[in-house]
Amino acid sequence: MKKVLAILLAFAMTVALLAGCAGGNESKPTSGSNDSGTTAPTQSGGDTGKGGTIRVWVGEESAEYYQKACDAYLAANPDFGFKIEVKGMDTGSVAGTITTDPAAAADIFTVAHDNIGKLAASQCAKPITDQSLIDQVLADNPQSFQNVIYSVLDGQKYLYGVPYISQALVMYYNKALVTEEQAKTFEGLREAAAEANTKAIIVTGDDGYNNSFALLSRKVSNKSTTVKIFEGAEAVSGGSKGTSYCQGDDTIATFRWLQSYFEDPNGFKWASPDGWEKDMKNQGALAVISGSWNYKAAAAALGESNLGIALIPTYKLTKESVEGLKDVKEGDEYRGGTFADCKCFMINATSDASKYVKEQALIKYLSGKEIQNESYLEAMNVPAYVGAADFIKQCYDEGKVSESEYNLAAMQVSMAEWGIPQPFLTGTLNTYYYSKNTPAIFRAIIEKSAYPATGDKVIQETESLDGIRKALYLIQYIWMHGVNPKEFPATYPAET
């Protein structure tokens, strides 16, 4: 009875909750409890003209499979009460579509988990309140994913995103010109590139995501790093931003090493204006760091028989890269890192309230282990649940997937051990990391080029040790404050 009353009270709050999404305003709830099973306010409206259909958006590569899965669900549940229509979308741009025109979007949509905070804060999504679905999420998913799928509504912490795909950066390489042994290290790649008179490796972009291979690199012996990005942040708009740090000697040494690798005629380069695919096809580079979403493009560029897939390689710090530093030494071995993320189902805030219960039942089905496993076989989506590596290996042993398809999944699972989920629990943190000029500063460090430090008045160099320290301090300061500091400290590392 209490739960029924809570639901009635929740619907009474509908109009107030809808105010934020279309206009992009960010609500500012206070911190609440962790009782994710509490009935939450629901939003309604904007969907009354769609009839009896629940629309679902998934990645373009997955639409055919998920429509088939939904058809099977309806056949097994004839009393479901709604038709289900699945459409393939560019999941990287869905969050922008939702915030711009949520009423035109699907009832259930797929986003990378780092969008959850801003969609929840702007009241563009409904929380998950079905306790059986919540229990499934908590039972199936690793703690790292559980840490990034909650947000806050009216002072109460709720589950908003339901993981069903995991992803991490890997390396695609040309097996015709790079041996399996050479692909294990950046030094080996450079050796192969020298033999082929080309560049060793590229990335598909210079943004804060692609540059994570350097920023999040870890020492091979113990998988350690001094880097912290919003560590301990709260899933509360306007709340704690946690702790950030990127001034460690290991980070400095890594970027000095990458500076040298960039200068090497057979080392690292940015993708050409014509695109990384042409670079790979024309042997302008032997390898590229990217994700599963570019698997087909990489195979098309190199040819299936020439496509190698490996972990992001290791590298050893040089004498030059550790000069003047105390906490690192020549020969220390590191592996490139990654953001190890999950893609999640979310419920549109404007979806008609009559669909709310059925939407959660459908998400429970689509995010279950059985469907995640089928999605891997049908669409090469790596499952998000704990223990999926065993199923992936079984599929390969039974001949259900090719060697490259197996490697794609296995390498992503292995790379997750060398990374962290994007820790952007609110829209503010996402913006501070990606949209406040820090990616441009990272690129400047790699290129040893200058960058504006305070507006366009002070130009800083990145060739000297002091210049790199100053640049990394600036990046850390922007992460925490969203603006440039008014002045720089006299010594480093420094508090931000």
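Before any of the text, the structure's been laid out above.
Computed from a prediction, not measured in an experiment: that's the story for all the values here.

Caption draft 1: Up close: the overall build of the protein chain. Secondary structure assignment for the protein chain yields 20 helices and 22 strands. Expressed as a percentage of the 496 residues in the protein chain, the buried residues total 56%. The long-range share in the protein chain, meaning contacts at least 24 apart out of those at least 6 apart in sequence, stands at 75%. Carbon and sulfur atoms make up 50% of the accessible area of the protein chain, which amounts to about 20000 Å² in all.

Caption draft 2: Summary view of helix α19 (residues 438–447). For α19, the buried fraction is high: 7 of the 10 residues fall into the buried class. Of the residues trailing α19, lysine 448 is marked for its positive phi of about 60°.

Caption draft 3: Quick peek at the packing of helix α3 (residues 63–76) against helix α14 (residues 356–366). At a minimum axis separation of 11 Å, α3 and α14 run at an interaxial angle of 120°. Seen from above, α3 lies across α14 with right-handed handedness. Between α3, through Tyr66, Ala69, Cys70, Ala72 and Tyr73, and α14, the contact on the second element is made entirely by Ala361, Leu362, Tyr365 and Leu366. Its residues placed into classes, the contact of α3 with α14 shows 9 nonpolar, no polar and no charged.

Caption draft 4: The arrangement of the side chain of threonine 91 in detail. Residue placement: threonine 91 occurs in the loop between β2 (83–89) and α4 (94–100). Owing to a relative accessible area of 12%, threonine 91 belongs among the buried residues under this scheme. A polar side-chain atom of threonine 91 sits 3.1 Å from a polar atom in the side chain of lysine 343. Ignoring anything within four residues of it in the chain, the contact list for threonine 91 reads Val58, Gly59, Thr110 and Lys343.

Caption draft 5: Fine view of the pattern of salt bridges. Applying the stated criterion across every chain yields a total of 13 salt bridges. Among the ionic pairs, lysine 355 bridges to aspartate 107, the shortest N-O distance being 3.4 Å. With a gap of 248 residues between them, lysine 355 in the loop between β19 (341–348) and α14 and aspartate 107 in the loop between α4 and β3 (108–112) connect regions that are remote in the sequence. The exposure classification of lysine 355 matches that of aspartate 107, with both residues buried. Close ionic contact of arginine 190 with aspartate 264 constitutes a salt bridge, the shortest N to O distance being 3.6 Å. Linking arginine 190 in helix α8 (residues 186–196) with aspartate 264 in the loop between α10 (249–263) and β13 (268–270), this pair joins segments that are 74 residues apart in sequence. Residue classification places arginine 190 among the partly exposed positions, given a relative accessible area of 29%.

Caption draft 6: Quick peek at the nonpolar core. Counting residues in each nonpolar core, the largest one holds 92 residues, and the members touching the most others are Ile201 and Ile229. In terms of residue count, the dominant contributor to this core is helix α20 (residues 465–481) (7 residues). Built from parts of two domains, this core gets at least three residues from each of domain 1 (47–166 + 341–420) and domain 2 (170–339). Core analysis: the next-biggest nonpolar cluster, separate from the first, contains 55 residues, Val94, Ile149, Ile347 and Ile363 among them.

Caption draft 7: Structural context of the environment of serine 435. Examined against the element boundaries, serine 435 turns out to sit in the loop between α18 (427–434) and α19. In this structure the C-alpha to C-alpha distance between serine 435 and aspartate 207, which are 228 residues apart in sequence, comes to 9.4 Å.

Caption draft 8: Quick peek at unusual backbone geometry. Note that the residue after tyrosine 492, namely proline 493, is joined by a cis bond; omega there is -5°. You can see proline 493 is positioned in the segment after α20. The phi angle at lysine 223 is positive, at roughly 55°, despite the residue not being glycine. Mapped onto the elements of the fold, lysine 223 is located in the loop between β10 (218–219) and β11 (228–231). One non-glycine residue, methionine 380, lies in the positive phi region at around 60°. With respect to the helices, strands and loops of the structure, methionine 380 is situated in the loop between α15 (369–379) and α16 (388–397). Overall, the relative accessible area of 13% leaves methionine 380 in the buried class.

Caption draft 9: Inspection of the sheet that holds β13 at higher detail. Reading across from one edge, β13-β9-β14-β8-β15 is the order of the 5 strands in this open sheet, with mixed pairing throughout. What marks the edges here is a single partner per strand, and that holds for β13 and β15 (307–310). This sheet shows a mean twist of 30° between the axes of neighbouring strands, independent of strand direction. Pairing between strand β8 (residues 170–174) and strand β14 (residues 285–290): 4 bridges, direction antiparallel.

Caption draft 10: Broad picture of the sheet that holds strand β17 (residues 333–335). The strand order across the open sheet built from 3 strands is β10-β17-β16, with neighbouring strands paired in antiparallel fashion. Among the strands making up the open sheet, the edge pair consists of β10 and β16 (314–316). Bridging between β10 and β17 involves 2 bridges; their strand directions are antiparallel. Bridging across to β17, arginine 218 finds its partner in arginine 335.

What counts and what doesn't
- Residues numbered from 1 in each chain as written.
- Predicted model: local features only at pLDDT ≥ 70, side-chain atom pairs only at ≥ 80, totals over all residues.
- Heavy atoms only, no water.
- Helix = DSSP H or I, 4+ residues; strand = E, 2+ residues; numbered from the N terminus.
- Buried < 20%, exposed > 50% of the residue type's maximum accessible area, 1.4 Å probe, protein only.
- Contact = heavy atoms within 4.5 Å.
- Areas by Shrake-Rupley, 256 points an atom, 1.4 Å probe, with all protein chains shown as cover.
- Axes fitted to C-alpha atoms, helices over the stretch in contact; angles between N-to-C directions.
- Left-handed = near helix turned anticlockwise from the far one by under 90°.
- Nonpolar A, V, L, I, M, F, W, Y, C, P; charged D, E, K, R; others polar.
- Polar contact = N/O pair within 3.5 Å; in protein donor to acceptor, adjacent residues only side chain to side chain.
- Salt bridge = Lys/Arg side-chain N within 4 Å of Asp/Glu carboxyl O.
- Core = buried A, V, L, I, M, F, W, Y, C linked by side-chain atoms within 4.5 Å.
- Domains from an automatic or database assignment.
- Pairing = 2+ DSSP bridges.

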